[in-house]
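Secondary and tertiary structure notes
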Amino acid sequence: MATALSSKTDSAGTRRRAERVEQSIVLPARRGKAVRLRAGRRLRLVNPYGVQAVDLWAFVDGDIGEHLSMEHFRSVHSTIFATVDTPLVSNAQRPLLTIIEDTSSGRHDTLLCPCNEPLYRQLGAKPGHRSCTDNLHEGLGELGLVAPFTPASLNLFMSVEVRPDGSLERRLPSSKPGSYLVLRAEVDVVIAFSCCPQDITPINGPERTPRDCLIEILAPTAENA
Ligand SMILES: [Zn+2]
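Not measured: the values here are computed from a predicted model.

Side note on the overall build of the chain
Looking only at helices and strands, the chain has 3 helices and 16 strands in total. Taken against the 2.2 N^0.38 rule, which gives 17 Å for 225 residues, the C-alpha radius of gyration of the chain at 17 Å falls within 12% of a compact globule. For the chain, the spread of C-alpha atoms along the principal axes amounts to about 50 × 40 × 35 Å. Across the 225 residues of the chain, 39% fall into the buried class.

Looking at the pairing of strand β16 (residues 213-218)
As paired elements, strand β2 (residues 19-27) and β16 share 6 bridges and run antiparallel to each other. Residue pairing across strands places Leu-27 opposite Cys-213, the latter belonging to β16. As paired strands, strand β4 (residues 42-47) and β16 are joined by 5 bridges and run antiparallel to one another. Following the sheet pairing, Leu-43 is matched in β16 by Ile-217.

Structural notes on the environment of Leu-96
Within the element layout of this structure, Leu-96 appears in strand β9 (residues 95-102). The class of Leu-96 is buried, set by 27 C-beta atoms lying within 10 Å. With residues near it in sequence (within four places) discarded, Leu-96 still touches Ala-58, Val-60, Leu-68, Leu-88, Val-89, Ser-90, Glu-186, Val-187 and Val-189.

Some details on unusual backbone geometry
The phi dihedral of Phe-157 is positive, around 65°, even though this residue is not glycine. Looking at the element boundaries, Phe-157 is found in the loop between β11 (154-156) and β12 (160-162). By the C-beta count within 10 Å, which is 28 here, Phe-157 ends up buried. Positive phi, close to 55°, is recorded for Arg-208, a residue that is not glycine. Here Arg-208 shows up in the loop between β15 (189-195) and β16.

Looking at the environment of Ile-191
Checked against the element boundaries, Ile-191 lands in strand β15. Through-space distance from the C-alpha of Ile-191 to that of Pro-151 is 13 Å; in sequence the pair is 40 residues apart. Leaving out residues up to four positions away in the same chain, Ile-191 has contacts with Ala-34, Val-35, Leu-37, Leu-56 and Ala-58.

Details of the nonpolar core
Residues Leu-45, Val-54, Ala-58, Leu-88, Val-189 and Ile-191 are the most contacted members of the largest nonpolar core, which totals 44 residues. With 6 residues, the single largest contributor to this core is β15.

Focus on the environment of Phe-149
Assignment of secondary structure puts Phe-149 in the loop between α3 (132-142) and β11. With 7 C-beta atoms packed within 10 Å, Phe-149 lands in the exposed category. In sequence terms Phe-149 and Val-26 are 123 residues apart; their C-alpha atoms lie 26 Å from each other.

Details of the pairing of β4
The two faces of the sheet receive side chains in turn, since in a regular strand these alternate between them. A large share of β4 lies buried, amounting to 6 of its 6 residues. As judged from the 6 bridges shared by β4 and strand β14 (residues 179-185), these two strands associate in the antiparallel manner. Bridged to Val-46 within β14 is Tyr-180.

So, α3
What α3 keeps buried is the set Cys-132, Thr-133, Asp-134, Asn-135, Leu-136 and Gly-139. Tucked inside the fold, the buried residues of α3 contact β3 (32-37), β5 (54-60), α2 (117-122) and β15.

What counts and what doesn't
Counting from 1, residues in each chain are numbered in the order their sequence is written. A pLDDT threshold of at least 70 governs which residues receive local features in this predicted model, and a stricter bar of 80 or more applies before side-chain atom pairs are shown or counted, although totals over entire chains, interfaces and linings include all residues. Runs of E in the DSSP output that reach at least two residues are strands. Runs of H or I that reach at least four are helices, and both are numbered from the N terminus. Here the globule rule reads 2.2 Å times residues to the power 0.38, and the radius of gyration is calculated from C-alpha atoms. Working definition of burial: number of other C-beta atoms within 10 Å of the residue's own, with buried at 20 or more, exposed at 12 or fewer, and partly exposed in between, all C-beta atoms being placed from the backbone. In this analysis, strands are considered paired if DSSP registers two or more bridges between them. Think of it this way: build a C-beta for each residue from its backbone, and any pair within 7 Å is a contact. Put simply, a nonpolar core is buried Ala, Val, Leu, Ile, Met, Phe, Trp, Tyr and Cys residues tied into one set by C-beta atoms within 7 Å.

Below, the structure written as structure tokens:
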């Protein structure tokens, strides 16, 4: 149910727009979560430390075969960065989600694959290291859903640039603590998030420490009821 109007100021003094928050869900460090979001509804993803990478996927609710596609996104918009101006499209070229507000550095990676068990093995991690790929499937499983494949993820708060010679540069994350983005569902979707468990490379910041994020399902307003 809708709770009191939420205009929060975090420890870094970053203020979030006043919104009624219907449900607040902690996205624990190293873990994943999937939520359903009806067409027109919005959610806010908050990054209290600013440097935590969050992998995101979305599937059409009722059709796991239609999902956000990073290759379609790059082809449709001729860019490698997901921003407020670029609706997130499916493998059927349909907008599934739109970033409608973004207080982060504003460039989210569409190039790199979600981390996965073989990657951690190659990095020398102990067996059983958690991964974004596992988190996707665990999150879907909590909703009783099975995806027989792993689409490419949208890597939020992750900074990857292409050098002139075509090689990739993994930059340190640059979003400020308390950065957030608001996503609007364009159709009924299941959205899966993974708080990236990467603690070997500095993709989650130089301290290499995964940290909690927060998902807030926002109450409908007059414009998007
Ligand atoms: Zn990851």
